[in-house]
Amino acid sequence: MTGSLFMAFRSLWRGRRAVALAMVAAMLAAALGAGSAGAVSGADPGPDDLLRFFDRLAVTDRTPDGGQQPGWVRKWTGPVAVRLEGQVTDRHIATVREITHRLSILTGIQFYLTDRTGADRATKAGNRLTVRILRHQDMMRIQGGSGPVCTAATFGKGGVLHTGWIEISERYSDCLHHEFMHALGFDNHWSGRHASAAMPSVLALRRSPARVADYSLFDEVAIRLLYDTRLRPGMGRKSALSAARNIVAVRFDFWYASARARTPTDQG
Ligand SMILES: [Zn+2]
């Protein structure tokens, strides 16, 4: 947990390592002081802000007309074979390998980078996530010339995901972290008045002040929450948020202690 926490902090305050720990400690201390009952407004994010973040990304759905509606828990429950296709470079392989390693730790589900003929435990389990790197002109043609440069979709039954795909233009490999988080079951984007630099996310919209390239603390905690066994596939929004609130109430002390126990030289 601590290592991943600091990877997130590093991405939050890149190049400012010396002050990152103090900021993190202050943020978490403020959040603890606020308690789970009181929302923090205009100050450092706290538990209620974290739950709002989780609600938006994990259990609130986007409607076709751009609105929002209550959603339900969708997640993988067994090993996932991840396959790269298309205009794949060594850099893509390294990035996907790093992402799958981190997501395996955060979710407790093993994401295996495999090849076309790879017969491993993940393949046997049947869960597949395909990442296609497309020539830019092909992506534009597929999207009608003005569509997104990166997309993701997942398919499942009763909230249990079994298939997913990610398509990105070769020019936008910085989409990978964003699309992988969608593929975990986070269908929404982090947008609106709460999506500020104080609560960054890979799922904030491009050019938003909240957008970061690497998983933030909030992203990592949201992933841990979604993949906690107390949040079951198919669970409705209200029940999922109730379970998430109980987990945050118990775990926040640990997150705080973990952050405080580290020093900047430990960030490695
Ligand atoms: Zn997106």
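## Quick notes on the overall build of the protein chain
At step 1: Helix and strand content of the protein chain: 9 helices and 7 strands.
At step 2: Within the span of the protein chain, comprising 268 residues, buried residues form 36% of the whole.
At step 3: The long-range share in the protein chain, meaning contacts at least 24 apart out of those at least 6 apart in sequence, stands at 65%.

## Description of helix α7 (residues 176–183)
Side chains of residues three or four places apart in an α-helix project in the same direction, reflecting 3.6 residues per turn.
At step 1: Extensive coverage of α7 is indicated by the burial of 8 of its 8 residues.
At step 2: Every buried residue belonging to α7 is among Leu 176, His 177, His 178, Glu 179, Phe 180, Met 181, His 182 and Ala 183, and all of these are buried.
At step 3: In this structure, the buried residues of α7 make contact with α4 (90–107), β5 (128–134), β6 (150–157), β7 (160–169) and α8 (217–226).
At step 4: Directly beyond the C-terminal end of α7, a positive phi value near 125° is found at Gly 185.

## So, the environment of His 178
At step 1: Relative to the elements of secondary structure, His 178 occurs in helix α7.
At step 2: A count of 27 C-beta atoms within 10 Å places His 178 in the buried class.
At step 3: If we ignore the near neighbours within four places in the chain, the residues touching His 178 are Cys 150, Val 202 and Leu 203.

## As for α8
At step 1: Among the 10 residues of α8, 9 are classified as buried, and the element is accordingly described as predominantly covered.
At step 2: Within the sequence span of α8, burial applies to Leu 217, Phe 218, Asp 219, Glu 220, Val 221, Ala 222, Ile 223, Leu 225 and Leu 226.

## What to know about the packing of α4 against α7
At step 1: One way to put it is that α4 packs onto α7 with a least axis distance of 11 Å and a crossing angle of 40°. For the element pair α4 / α7, the angle class is oblique. Like other packed secondary-structure pairs, α4 and α7 cross with a definite hand, here right-handed. From α4, Thr 95, Val 96, Ile 99 and Leu 103 reach across to α7, where they touch Leu 176, His 177 and Phe 180.

## Here we look at the confidence of the model for the protein chain
Regions with low pLDDT should not have their predicted coordinates read in detail.
At step 1: Chain-level statistics for the protein chain give a pLDDT mean of 78 and a share of 73% at 70 or above.
At step 2: Highest mean pLDDT in the protein chain belongs to α7 (97); lowest belongs to helix α2 (residues 17–34) (35).
At step 3: Note that residues 1–42 has pLDDT below 50 and, in this model, 75 contacts with residues that lie over four places away or in other chains.
At step 4: Segment residues 262–268: pLDDT under 50, and 11 contacts once partners within four positions in sequence are set aside and those in other chains are kept.

## A word on the sheet that holds β6
At step 1: The strand order β4-β3-β5-β7-β6 describes an open sheet built from 5 strands, whose pairing is mixed. Looking at strand neighbours, the two that pair on one side only are β4 (111–114) and β6, the edges of this open sheet. Taking each pair of neighbouring strands and ignoring which way they run, the sheet shows an average axis angle of 20°.
At step 2: In the packing of α4 onto the sheet, contacts are made with β3 (80–86), β4 and β5, and the angle to β4 comes to roughly 160°.

## Focus: the environment of Met 140
At step 1: Here Met 140 is to be found in helix α6 (residues 136–142).
At step 2: As for Met 140 and Ser 169, which are separated by 29 residues in sequence, their C-alpha atoms are 8.4 Å apart.

## Topic: the packing of helix α3 (residues 47–58) against α8
Packed helix pairs are specified by the crossing angle of their axes together with the interaxial distance, meaning the distance between the axes.
At step 1: As a packed pair, α3 and α8 sit with axes 10 Å apart at the nearest point and diverge in direction by 70°. Comparing their axes, α8 and α3 come out roughly perpendicular. Note that α3 runs across α8; the crossing there is right-handed. Across from Leu 50, Phe 53, Phe 54, Leu 57 and Ala 58 in α3, the residues of α8 making contact are Phe 218, Val 221, Ala 222, Leu 225 and Leu 226.
At step 2: Residue composition of the contact of α3 with α8, by class: 10 nonpolar, no polar and no charged.

About the cut-offs
Residues numbered from 1 in each chain as written. Predicted model: local features only at pLDDT ≥ 70, side-chain atom pairs only at ≥ 80, totals over all residues. Helix = DSSP H or I, 4+ residues; strand = E, 2+ residues; numbered from the N terminus. Buried ≥ 20, exposed ≤ 12 C-beta atoms within 10 Å, placed from the backbone. Contact = placed C-beta atoms within 7 Å. Axes fitted to C-alpha atoms, helices over the stretch in contact; angles between N-to-C directions. Parallel < 35°, antiparallel > 145°, perpendicular 65-115°, else oblique. Left-handed = near helix turned anticlockwise from the far one by under 90°. pLDDT = per-residue confidence, 0-100. Pairing = 2+ DSSP bridges. Nonpolar A, V, L, I, M, F, W, Y, C, P; charged D, E, K, R; others polar.

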